Every structure is written in C-alpha cells, then in structure tokens.
Amino acid sequence: MLEKLSSRVQNLKPSPTLAISAKAKQLRAQGIDVIGFGAGEPDFDTPLFIKEAAIKALMEGQTKYAPAAGIPPLREALAEKFSKENGIDYKPSEIVVSAGAKNLLFLIFLMLLNEGDEVLVPTPYWVSYTEQIKLFGGKPVEVPTEEEKGFSLSLEDIKPFVTDRTKVLILNSPNNPTGAVIEEKELKRIAEFCLDKGIFIISDECYEAFTYDGFKHISTASLDEEIKKITFTVNAFSKTYSMTGWRVGYVGCPNEEFAKVLTNLNSQSISNVTTFAQYGALEALKNPEARKFVEKMRTTFERRRDLILSKLMEIPDVKVNTPKGAFYVFPNFRNWVAKFNDDIEFAAYLLDEAKVAVVPGSAFGYEGFLRISYCNSDDEIIEGMERIKKAIERLS
Ligand code: PMP
Ligand code: GLU
C-alpha cells in the first residue's frame, strides 16, 4: 500500500506531542490514573466573553464562507494589535488569518521552498517544523543550541550552517520545548546577518504572552523596517487566549504580495477559518477583560514553573535550566536515559511505571531530555514529579 502513496508523504510522521497527549487521554478514559505533562495547551477554559461572541455571531447568521484572508474587522484589529503590542506597523492587507499557526507555517513553507532549499532550524525545535519542511522538498538543517547557555540561540550557533542554499531561518522565542528566549541584542545581530545574506526569517511568536522574571517579548520584525521586509511574524490565538481547538492563527507578511499568495493558498485549500470562530478571536482582541485573563494565566504559569523546577531539583542526577517563557521545562535526564536504549523507551517506562506522560527530547531533535509541560494544577505537578522520582529510584 505504501508504494502507492506519493513520495512526499511516505516518510511523514505524526505529531509526537499530539500523539502522546492523545495516549494519556485514552488511558485516563480507561480509568488509569495518568498525569499528562505531554500536551502543549493551557489548562484554562476559553474565557466566557469570547465564547459568547462566537455564539452571538453564529446565532446572527455568520455561518457562511468568509473572505479567504480573514474577516476584515479581524485583520484590522490584528494590525492594531501588532502596532500596539509588538511595535510593528502592518497594513491589514499584509495580514492573513488561517487555521492555526501550524497551518500558516505549512503554507509559508509551501510558498517559499523549492526542492533542496535549506531551512535553518534551531534545535531543540518544535516537532512540526522539520516534517513540514521535508513535505515540500526542503532540507531542515538542525542548528544545535547549547544546554550550558540555556538553549538561547546566538549568531555564532547559526553561522557554520549557512550555505548558498539557505533560504529561511526559523526563530521561536519563547521556545517550545526549552522556554528559552533570545535577548534583543542577539536577535538584532541574527536578523541583520539574515538581511545581509538574503535569508527569510519565520518568527514563530506563539508564546509571546508567557514570559517571566520581567523579560519582555521582542518581535523580530519590530527591530527595523528592513528586517520587517524579510520576516514573517507568525502567531495564534491558541496559546494566548487558551483557544487551541478554535484553530485561528495569523501572520504579518513582509509585504502585500506574500499575503496575496497565502490568501490564494487558503482559498484553494481551507477557503477560510470557520467564520464564527473569527468573531470569537475578534472579541479576544477587543474586550479589555482579555488582558486580565492573559495576565492571570501568565502569573499562574510563572508560579507553576517555579514549583516544577523546585520539584525537579529534588530528583537525583537531573539538570534543568530555568525557562524564561512558554509553559515547558526541558530537563536533562541523560544519566537515567543511559539505562535504556533511548529516551523514547525511558518515556515509555515513566508512562508504565509512574503513570506520567512526558515527551522524549528526541521528538525535538535533542536526545536524553524530557519535555514536561506545566499546564497542570499544583497538586498534579507535585504528585507527578514525586512519581517520576520514585520510578527513578527504582532504577538505581
Ligand atoms: N508553533 C509552536 C512553537 C507551537 O508550540 C505550536 C503548538 N501549538 C504551534 C506553532 C501551532 O499552534 P496552533 O495551535 O495555533 O496551530
Ligand atoms: N504545540 C503543542 C505542543 O507542542 C501542541 C501539539 C502540536 O500542535 O503538535 O505540544
């Protein structure tokens, strides 16, 4: 059967993060007491006023096709958001709304990549970048970042991997899975280098709302007008407003021409994002209560980060960096993984023995680590880390 498939999809792997959270949910449905640290989605409900706005739109008949680039009031509100919150001046015509940041990344790779074009992917990386790049004939080039430097990307990390086929660099700050952020000075050096070499930047800013210790998120395209002309600013409502299932993402493009191509790709594939969902997203931008909701989530995550770090430090022979953003920790379990064939086996052991679901580092291109999402209650965090500790003690 496989030989009948196109060569593009023959080696396509499913998203491991989605697979692990599905597995944890399935085990729970069978009555098994699994604590899931696999899912990368906030455990908050979408605010009521956002749901109500979508319901109102639905009841008022917003149930038909909408413009492929997104409903005009949403694109206008996004232009205002980019200007106020990110310091980037996009015209609404430079902004395209699509089915989540994931689909936008997919369309951007489709738009930019020819066979053999290279994309620099700072590693550890979010799972879908490499699979999507390969789907379009591109070559993901892993650029390792260093654990000792908190996984924060520097220009020196990138330089050795640049060739005459390098077309795109992905930036993801705050980072999934490490929670690392790129400091403004370094971000500028990296962006200026890309400008000089004619390399596009995809700046995935999905976790912009969640930064800690007073760190303020910096958008790549805000650095200067020339950098804006090579940068795609990708973002979504998914994490910021706890709307992962709504599937509303957006991108600010270097210019209108790129936005038009992405709009055409939408019109030939999904047509448009679910019309009434876009009205919910519009409410998230317009309702002042939304800012309070986001800040409540941010402070909750910051507190949980400190809690999970303190618990991880009690586990012997585990090293962990302090994440500056997102809602993941990425501890080094190499001492324990060494007792298994690989970290996939180790994660399976934790699921069997400790009934705790985590994602192995190899899913992010970084063997020997675990990604632990802290979108869980304090009690679950305490109990989950205790279970991991006990399962590990049984190994020594
Ligand atoms: N980028 C990163 C870094 C992510 O972690 C995710 C996962 N949510 C996405 C993009 C995709 O987001 P969305 O749910 O909006 O498709
Ligand atoms: N981005 C989230 C994660 O990393 C959701 C899963 C996915 O989209 O693959 O867990």
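Everything numeric here is computed off the predicted structure, so don't read it as measured data.

K.L.:
Whenever I open this one, the overall build of the protein chain confuses me. Can you help?
P.N.:
Tallying secondary structure elements over the protein chain gives 16 helices and 12 strands in all. A compact globule built from 396 residues would reach a C-alpha radius of gyration of about 21 Å, and the protein chain, at 21 Å, matches this within 12%. Taking the principal axes of its C-alpha atoms as reference, the protein chain extends roughly 60 × 55 × 55 Å. A separation threshold of at least 6 residues defines the contact pool for the protein chain, and within that pool the share at least 24 residues apart is 75%.

K.L.:
It is not clear to me how the packing of helix 4 (residues 72–86) against helix 12 (residues 275–286) should be interpreted in this structure. Could you clarify?
P.N.:
Helix packing for two helices is described by the angle between their axes and how far apart those axes are. Across the interface, helix 4 lies against helix 12 with an axial gap of 10 Å and an inter-helix angle of 30°. Here helix 12 runs roughly parallel to helix 4, going by the angle between their axes. The chirality of how helix 4 crosses helix 12 is left-handed. For the pair helix 4 and helix 12, the contacting residues are Pro 73, Leu 74, Ala 77, Leu 78, Glu 80 and Lys 81 in the first and Gln 278, Ala 281, Leu 282, Leu 285 and Lys 286 in the second. Tallied by class, the residues present in the contact of helix 4 with helix 12 amount to 7 nonpolar, 1 polar and 3 charged.

K.L.:
Honestly, the nonpolar core in this entry has me stumped. Any pointers?
P.N.:
Generally speaking, nonpolar side chains in soluble globular proteins are found buried as a group. Phe 237, Phe 333 and Phe 346 are the most contacted members of the largest nonpolar core, which totals 108 residues. At 9 residues, helix 13 (residues 289–312) tops the list of elements feeding residues into this core. Contact partners of Phe 333, with chain neighbours within four places excluded, come to Leu 312, Val 318, Phe 346, Gly 368, Phe 369, Leu 370, Ile 388 and Ile 392. In terms of nonpolar packing, the next biggest core, distinct from the first, is built from 20 residues, Ile 158, Ala 191, Phe 193 and Cys 194 among them.

K.L.:
Sorry, what's going on with the site of ligand 2 here?
P.N.:
Surveying the vicinity of ligand 2 reveals the residues Ser 15, Thr 17, Leu 18, Gly 40, Lys 102, Trp 126, Asn 176, Lys 239, Tyr 328 and Arg 371. Contact distances for ligand 2 include 2.9 Å between an oxygen atom and a side-chain N or O atom of Asn 176. Residue Arg 371 places a side-chain N or O atom 2.8 Å away from an oxygen atom belonging to ligand 2. Here ligand 2, which alone exposes 290 Å², has 89% of that area covered by the protein. Considered class by class, the residues forming the shell around ligand 2 number 3 nonpolar, 4 polar and 3 charged.

K.L.:
How do you make sense of the sheet that holds strand 12 (residues 370–373) when you look at a structure like this?
P.N.:
Two orientations exist for strands paired in a sheet by backbone hydrogen bonds: parallel and antiparallel. On the basis of which strands lie adjacent, the open sheet formed by 3 strands has the order 9-12-11 and antiparallel pairing. Among the strands making up the open sheet, the edge pair consists of strand 9 (328–329) and strand 11 (359–360). As defined by bridge partners, strand 11 adjoins strand 12 across 2 bridges and the pair is classed as antiparallel. Bridge pairing links Val 359 to Arg 371 in strand 12.

K.L.:
Before we go on, may I ask you to explain the pairing of strand 6 (residues 200–204) in this structure?
P.N.:
Regular strands place side chains that alternate from one sheet face to the opposite one. In terms of burial, strand 6 is largely enclosed, as 5 of its 5 residues are buried. A two-sided burial pattern is seen for strand 6, the buried positions comprising Phe 200, Ile 202 and Asp 204 on one face and Ile 201 and Ser 203 on the other. When strand 5 (residues 166–171) meets strand 6, the two strands line up parallel, connected through 4 bridges. Its bridge partner being in strand 6, Val 168 is matched across the sheet by Phe 200. Viewed along the sheet, the connection from strand 5 through helix 8 (residues 184–197) into strand 6 turns out right-handed. By the bridge criterion, 4 bridges tie strand 6 to strand 7 (residues 231–236) in an arrangement that is parallel.

Criteria and cut-off values
- Residues numbered from 1 in each chain as written.
- Chains lettered and ligands numbered in written order.
- Predicted model: local features only at pLDDT ≥ 70, side-chain atom pairs only at ≥ 80, totals over all residues.
- Heavy atoms only, no water.
- Helix = DSSP H or I, 4+ residues; strand = E, 2+ residues; numbered from the N terminus.
- Rg over C-alpha atoms; globule rule 2.2 N^0.38 Å.
- Contact = heavy atoms within 4.5 Å.
- Axes fitted to C-alpha atoms, helices over the stretch in contact; angles between N-to-C directions.
- Parallel < 35°, antiparallel > 145°, perpendicular 65-115°, else oblique.
- Left-handed = near helix turned anticlockwise from the far one by under 90°.
- Nonpolar A, V, L, I, M, F, W, Y, C, P; charged D, E, K, R; others polar.
- Core = buried A, V, L, I, M, F, W, Y, C linked by side-chain atoms within 4.5 Å.
- Buried < 20%, exposed > 50% of the residue type's maximum accessible area, 1.4 Å probe, protein only.
- Near = heavy atom within 4 Å.
- Polar contact = N/O pair within 3.5 Å; in protein donor to acceptor, adjacent residues only side chain to side chain.
- Areas by Shrake-Rupley, 256 points an atom, 1.4 Å probe, with all protein chains shown as cover.
- Pairing = 2+ DSSP bridges.
- Right-handed = clockwise from strand over helix to strand, strands pointing away.

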